[in-house]
Amino acid sequence: MKPLAAGNWKMNGLKASVSEIMALKDRLDGTAPACDVLICPPATLVMSLADAAAGSVIQIGGQDCHSAVSGPHTGDVSAAMLKDAGASAVIVGHSERRADHGETSETVKAKAQAAIAEGLVAIVCLGETLAEHEAGDTLSVVHAQLNGSLPDGATGATTIVAYEPVWAIGSGLTPTAEQVAEVHQAIRAGLSAMTSAEEAHLIRILYGGSVKPSNAAELMAIDNVNGALVGGASLKADDFAGIIAAM
Ligand code: PEP
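In what follows, the accompanying structure is described. All figures in this text were calculated on a predicted structure; none of them were measured in a lab.

So, how was this worked out
Residues numbered from 1 in each chain as written. Predicted model: local features only at pLDDT ≥ 70, side-chain atom pairs only at ≥ 80, totals over all residues. Heavy atoms only, no water. Axes fitted to C-alpha atoms, helices over the stretch in contact; angles between N-to-C directions. Helix = DSSP H or I, 4+ residues; strand = E, 2+ residues; numbered from the N terminus. Parallel < 35°, antiparallel > 145°, perpendicular 65-115°, else oblique. Left-handed = near helix turned anticlockwise from the far one by under 90°. Contact = heavy atoms within 4.5 Å. Near = heavy atom within 4 Å. Polar contact = N/O pair within 3.5 Å; in protein donor to acceptor, adjacent residues only side chain to side chain. Nonpolar A, V, L, I, M, F, W, Y, C, P; charged D, E, K, R; others polar.

Where helix H1 (residues 18-28) contacts helix H2 (residues 46-53), the axes come no closer than 9 Å and their chain directions differ by 25°. As far as their axial angle goes, H2 and H1 are roughly parallel. Pair H1 / H2 crosses with right-handed handedness. Packed against H1, whose contacting residues are Val 18, Ile 21, Met 22 and Lys 25, the element H2 presents Ser 48, Leu 49, Ala 52 and Ala 53 at the interface.

Lining the immediate environment of the ligand, one finds 14 residues, of which Lys 10, His 94, Glu 164, Gly 170 and Ser 210 sit closest. In the model, an oxygen atom of the ligand is placed 2.5 Å from a nitrogen or oxygen of the Lys 10 side chain. In this structure, an oxygen atom belonging to the ligand sits 2.8 Å away from a main-chain N or O atom of Ser 210. Grouping the amino acids of the shell around the ligand by side-chain chemistry returns four nonpolar, eight polar and two charged.

What follows deals with the side chain of Ser 149. Summarising the element assignment, Ser 149 is placed in helix H7 (residues 138-149). Side chain to side chain, Ser 149 and Ser 105 meet in a polar contact 3.2 Å long. Not counting the four nearest positions on each side in its chain, Ser 149 is found in contact with Arg 98, Ser 105, Val 108, Lys 109, Ala 112 and Val 124.

What is shown is where atoms sit, not what they do.
Set out below in structure tokens:
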């Protein structure tokens, strides 16, 4: 299955950041990346980045969407709005949203289903906190989040799962290859139980948490790792291009 390099810009980026997409386009021009490439900027930049990326391999996505199609939800963005602005995917259930906005797996599932209903690919994030990790609860936490957050009828075409240990995000720490392999294998088994063995093997499982050009190849070589969700290192075209090259 073709891996995915997905960048999450979080709450970073102004109009001038379009230059990073132009730089990434230049870096990728004439190369044939072995992976799909997605950048998820803040909602304010989806339209301008989608315009800037047009005609290249770079796809643009959102970082969150509301579960409703429209209505009285001040400050929120719907899946239809992201699609209209040029997005092809949206991240849902990022640990920062689960923590900062109290999002439950039930909310995340509703958002994923709303995204898919609008034709967006839903990137469903899962991951344990440091306390859960240290308590040996990683697999049970990830299973519970997967069971609660996976959209009904998930397929490889509509859904991507991202395993992001919360303690590895932005910390420079990464789990060992064995730990990543164990969790990704468990997610694959969970997907098999929730869909079918055939479909489960078509659903990409990304690893996220302090991925950088220097560790990307090693992480991507692990069984059941089908790409990366990248925060900090996606902000600079050179770093992100290095990760893409390692896929
Ligand atoms: C993220 O928040 O999705 C992430 C993986 O961040 P970073 O790469 O900076 O650890």
